[in-house]
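# Architecture at a glance
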Amino acid sequence: MKKKTKVVYKEDNGETIYSMSALYGRTPEEQEEYDFKLGSCIFMDKEYDAARTHLGRITDGEYLPHADYVWGYMAYDEGDMATAEERFLRLTEHPNYSAIVPIYLLYIEYSKGNYHYVSENVDRLLTEVSGNRRAEMVRMAAEARFRVGEWITTSRYMTEYESSGGEMGREELYLRGFSEYMLAEYELAERYLSRVCGPDDRLTQNASYHLGDCYLRAGDKTKAMQSFAMAAASNFDEKITEDALFNYGKLQFELGGGYFNEAVNVLTRYIEQYPSSERVAEVEEYLVTFDESDYDQAQAEGFINIWGMPTVVQALREKGVPVISEMEFACRYMGSAKTICITGSNGKTTTTSVIAEMLKEQGYTVHIGGNIGKPFTLYTFGVIENFCPSNRARNAT
């Protein structure tokens, strides 16, 4: 006597119970039906390994395509895209799955970074979805078009995504802002890119760099300089870092130099970091054109010499601009603070460190500056905390 396979799936006080009618003299078809139904019930409870035990027994027959779909979904849910793709590709022509499987394959290609595939297929598939699924796919389409450099469609997709209530995080803001920048919609680009900047990461460096250009095109040199300064402070993209540093120094120069010779310091830093750059000659020309009257007279009386700039120093001296060392400059503003200065050919660092430890043992507050520790000027202008003229001892090399 044969009985039809029947699987009962229910929840009893939080515990899943599976039961099935007894089978006598099962045929292969009945066994496959049994394995598929039981495996599907276990799958619904997210017991994937146990579900595979039953689904894996199905090798042929009418239940094989359904088993392939469930198996592919489990693999997709677990992030095993290779297995998911293998199973889904078997179902592209199946009448029950030909509509849904291409969508999963689209997501799989997106996860693999195959943005050309996504760009070529997403428009057709968008006609098959709505609601949250459509918003999610529109976001995917926008990034795919962004990656292949199609700025108009990136802007169009991001406009739809935002209008539909999609979450505009930093990445979404950058997709919209950069695409508008590439379309020369600088005012609109500024609106989005300005909301990207913040954490010290690659996204901030890219956004602040292009934001600087937006401000520059709008004639706001101060904001442009600040944006380039932010981009120059990171090293995620060396080309951006170099160009941002150059523009930062150039704009600081054009805006009057800033306090404490900021333009000089930035431009000098550019020469130190990029000595082989073809812009070095231009930067040196900016430095040479500084006149003593451009400095904050309350803080400086000449050009502070930085090692490795003989061309600039010579040109300034020929113009009659006083050139002093960083140490001399700092000492002018020491006030009543006591200083122990150490010089010589060998042993300066060791001697300085030994004296500092001796003074600390005697209860003095000690700061080491110069060629060891922090630059001396950082102490004299209060950049280093807890340094004031009333402290009892200071060390410098």
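Worth saying up front: this structure is predicted, and the values here are computed from it rather than measured. The residue count restarts for each chain, going from 1 along the sequence in the order it is written. Residue-level local features of this predicted model are given only where pLDDT is at least 70; pairs of side-chain atoms are given and counted only at 80 or more, and the full residue set underlies all totals for whole chains, interfaces and linings. Hydrogens and water molecules were not included; the side-chain quantities draw on all heavy atoms of the structure.

## Digging into the overall build of the protein chain
Formally: The way it works is that DSSP assigns letters per residue, a run of H or I at least four long becomes a helix, a run of E at least two long becomes a strand, and they are numbered from the N terminus. Categorising residues by exposure relies on relative accessible area from a 1.4 Å probe, with only protein chains included: less than 20% of the type maximum marks a residue as buried, more than 50% marks it as exposed, and the intermediate range marks it as partly exposed. We call two residues in contact whenever any of their non-hydrogen atoms come within 4.5 Å of each other. Here the accessible surface of atoms and residues is derived via Shrake-Rupley with a 1.4 Å probe, and residues count as covered only by protein chains that are part of the display.
Summing up its helical and strand segments, the protein chain has 19 helices and seven strands in all. In the protein chain, which comprises 397 residues, the proportion classed as buried is 45%. Sequence separation of at least 24 residues holds for 50% of the intrachain contacts in the protein chain that already meet a minimum separation of 6. Taken as a whole, the protein chain presents about 21400 Å² of accessible surface, with 49% of it coming from carbon and sulfur.

## Notes on the packing of aromatic side chains
Selection rule: Each Phe, Tyr or Trp ring, with Trp reduced to its six-membered ring, pairs with another whose centre is within 6.5 Å; inter-plane angles below 30 degrees give stacked pairs, above 60 give edge-to-face pairs, and intermediate values give tilted ones.
Scanning the model with the defined rule gives 21 aromatic pairs in all. Ring geometry for Tyr209 against Phe228: centres 6.0 Å apart, planes inclined by 65°, an arrangement best described as edge-to-face. In this pair, Tyr209 is assigned in helix 11 (residues 202-217) and Phe228 in helix 12 (residues 221-232), connecting sequence segments 19 residues apart. Just as Tyr209 is buried, Phe228 falls in that class too.

## A closer look at the pattern of salt bridges
Let me state the cut-off plainly: For this document, the term salt bridge refers to a Lys or Arg side-chain nitrogen within 4 Å of an Asp or Glu carboxyl oxygen.
This model, assessed by the stated rule, comprises 25 salt bridges. A salt bridge links Asp68 to Arg90; the shortest N-O distance between them is 3.0 Å. In this pair, Asp68 is assigned in helix 3 (residues 64-78) and Arg90 in the loop between helix 4 (81-89) and helix 5 (101-111), connecting sequence segments 22 residues apart. In this structure, Glu143 engages Arg139 in a salt bridge whose closest nitrogen and oxygen atoms are separated by 2.9 Å.

## Remarks on helix 6 (residues 115-126)
Put simply, the test is: To estimate how far a helix should reach, multiply one less than its number of residues by 1.5 Å.
Look at helix 6: 16 Å from first C-alpha to last across 12 residues, which is about the 16 Å you get at 1.5 Å a residue. Residues of helix 6 that are buried include every one of Tyr115, Val118, Ser119, Asn121, Val122, Leu125 and Leu126, and no others.

## Some words on the confidence of the model for the protein chain
To keep it simple, the criterion reads: Per-residue confidence from the predictor is reported as pLDDT, which spans 0 to 100.
Considering every residue of the protein chain, the mean pLDDT works out to 82; 76% of them sit at 70 or more. Across residues 1-5, where pLDDT falls below 50, the model places 16 contacts with residues more than four positions away in sequence or in other chains. Per-residue pLDDT stays below 50 along residues 9-19; that stretch engages in 22 contacts with residues further than four places along the chain or on separate chains.

## Regarding the nonpolar core
This is how the line gets drawn: As used here, the term nonpolar core means buried Ala, Val, Leu, Ile, Met, Phe, Trp, Tyr and Cys residues forming a set that is joined through side-chain atoms within 4.5 Å.
Grouped together as the largest cluster of nonpolar side chains are 57 residues, with contacts concentrated most on Val122 and Met137. Considering each element in turn, this core owes the most residues, seven residues, to helix 7 (residues 131-147). Apart from the residues within four sequence positions on either side, Met137 is in contact with Ile103, Leu106, Tyr107, Val122, Leu125, Leu126 and Val129. Counting 14 residues, the second largest nonpolar core, distinct from the first, contains Ala51, Leu55, Ile58 and Trp71.

## Here's the deal with helix 8 (residues 151-163)
Here helix 8 is 13 residues long and its end C-alpha atoms lie 18 Å apart, about the 18 Å a rise of 1.5 Å per residue gives. Against helix 6, helix 7 and helix 9 (170-182) lie the buried residues of helix 8. Once helix 8 ends, the next one or two residues include Gly165, with phi positive near 90°.

## A look at the packing of helix 9 against helix 10 (residues 186-193)
For clarity, the cut-off: A fitted line through C-alpha atoms serves as each axis, taken over the contacting stretch for helices, and the angle formed by two N-to-C directions is quoted from 0 to 180°. By definition in this entry, angles of less than 35 degrees are roughly parallel, angles greater than 145 are roughly antiparallel, angles of 65 to 115 are roughly perpendicular, and the rest are oblique. Here a crossing is called left-handed whenever its near helix is offset anticlockwise from the far helix by less than a right angle, and right-handed whenever the offset is clockwise. For this classification, the nonpolar set comprises Ala, Val, Leu, Ile, Met, Phe, Trp, Tyr, Cys and Pro, the charged set comprises Asp, Glu, Lys and Arg, and every other residue, Gly included, is treated as polar.
Two elements in contact, helix 9 and helix 10, have axes separated by 8 Å at closest approach and are oriented at 160°. In terms of their interaxial angle, helix 9 and helix 10 are classed as roughly antiparallel. When the axes of helix 9 and helix 10 are compared, the crossing they make is left-handed. From helix 9, Leu173, Tyr174, Arg176, Gly177, Phe178, Glu180 and Tyr181 reach across to helix 10, where they touch Tyr186, Leu188, Ala189, Tyr192 and Leu193. A per-class count over the contact of helix 9 with helix 10 returns nine nonpolar, one polar and two charged.

## Some remarks on unusual backbone geometry
The phi torsion of most residues other than glycine is negative, and most of the peptide bonds are trans. The phi angle at Lys46 is positive, at roughly 60°, despite the residue not being glycine. In this structure, Lys46 sits in the loop between helix 1 (28-44) and helix 2 (48-55). The phi angle at Ala184 is positive, at roughly 65°, despite the residue not being glycine. In this fold, Ala184 is placed in the loop between helix 9 and helix 10.

## Comments concerning the side chain of Ser179
The criterion, for reference: In protein, a polar contact requires one atom able to donate a hydrogen and another able to accept it; more generally it is a pair of N or O atoms within 3.5 Å, and residues adjacent in sequence count only if both atoms are side-chain atoms.
Mapped onto the elements of the fold, Ser179 is located in helix 9. Within the structure, the side chain of Ser179 is placed 3.0 Å from the backbone oxygen of Leu175, a separation counted as a polar contact. If we ignore the near neighbours within four places in the chain, the residues touching Ser179 are Trp151, Thr154, Ser155 and Tyr174.

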